[in-house]
Amino acid sequence: MRHDQIHDETSYARVDMAAVWPASAHVAPVPLPEAGPAEERQAFVPTPAAPDVPAAVGGLIACSYFGLLAAFTLATVGSLESILAIVVCVFFMLTFFTVPRLFFGVEPKTGRRPTFDRFMREGMDTYNGRCGGRDALIQMLIVPVLLTLGVIAIGIVAV
């Protein structure tokens with residue numbers, strides 16, 4: 001193994017970097033790209049974030065996470081200390097779902113988003129290839145739905 005060889009100084013040649021590195025070697029700065037006049041430059045246009053995902057899928061994801069928060073609220077309703085945690089969670093969840101909504105609002109309207117039925121039939125493109133609609137929806141919803149069921153089970157056991 002290499003870690004055994006490192007302890008044996010005779011198994012490799014030591015190199016003094018200060019002795020072999022030239023003192024006058026400097027890294028040249030990266031040249032700036034040539035920019036044309038303002039008329040020739042194109043305006044920045046954001047690209048569509050998820051052109052093959054309907055808005056209904058985002059609504060399902062938001063509903064599943066708010067359902068999780070509702071399950072946490074019901075499971076800890078007897079504790080006054082949990083109210084602060086629930087309020088903080090509500091604030092963060094509203095933030096986490098508002099920011100993507102704002103991003104979707106400024107993206108160019110290159111066409112209509114697919115309907116939910118079309119999404120379920122045709123699926124969506126992912127980094128690893130094409131994914132069926134049912135499979136993509138399961139991947140998006142499995143964590144919040146199973147967490148919600150787990151929290152409900154914990155709440156039932158705690159009662």
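Scroll up to find the structure this text is about.
Residues numbered from 1 in each chain as written. Predicted model: local features only at pLDDT ≥ 70, side-chain atom pairs only at ≥ 80, totals over all residues. Heavy atoms only, no water.

Moving on, we get to the overall build of the chain. Secondary structure assignment for the chain yields 6 helices and 2 strands. When burial is assessed residue by residue, the chain has 18% of its 159 residues classed as buried. The long-range share in the chain, meaning contacts at least 24 apart out of those at least 6 apart in sequence, stands at 67%. Total accessible area on the chain stands at roughly 12,900 Å², and carbon and sulfur atoms take up 68% of it. (Helix = DSSP H or I, 4+ residues; strand = E, 2+ residues; numbered from the N terminus. Buried < 20%, exposed > 50% of the residue type's maximum accessible area, 1.4 Å probe, protein only. Contact = heavy atoms within 4.5 Å. Areas by Shrake-Rupley, 256 points an atom, 1.4 Å probe, with all protein chains shown as cover.)

Along the chain, D52 falls in the loop between α2 (17–20) and α3 (55–75). Despite its burial, D52 pairs with no opposite charge; the closest candidate is R130, at 4.3 Å N-O. Within the local environment of D52, its side chain forms a polar contact with the backbone nitrogen of D125, the two atoms lying 2.8 Å apart. (Lys, Arg positive; Asp, Glu negative; His and termini not counted. Salt bridge = Lys/Arg side-chain N within 4 Å of Asp/Glu carboxyl O. Polar contact = N/O pair within 3.5 Å; in protein donor to acceptor, adjacent residues only side chain to side chain.)

With 10 residues, the main nonpolar core is built from A50, V53, V57, I61, F119, M124, C131, A136, L137 and L141. Among the elements of the structure, α3 and α6 (133–158) are those that each provide at least two residues to this core. A per-element tally of this core places α6 first, with 3 residues. With near-sequence residues (within four places) excluded, A50 lies in contact with F104 and R113. (Core = buried A, V, L, I, M, F, W, Y, C linked by side-chain atoms within 4.5 Å.)

Running from amino to carboxyl end, α3 crosses helix α4 (residues 82–106) at an angle of 175°, the nearest separation of the two axes being 11 Å. If you check the angle between α3 and α4, you find them roughly antiparallel. For the pair α3 and α4, contact is made by I61, A62, Y65, F66, L69, F72 and T73 and by I86, C89, V90, M93, L94 and F97, respectively. Of the residues that constitute the contact of α3 with α4, the class distribution is 12 nonpolar, 1 polar and no charged. (Axes fitted to C-alpha atoms, helices over the stretch in contact; angles between N-to-C directions. Parallel < 35°, antiparallel > 145°, perpendicular 65-115°, else oblique. Nonpolar A, V, L, I, M, F, W, Y, C, P; charged D, E, K, R; others polar.)

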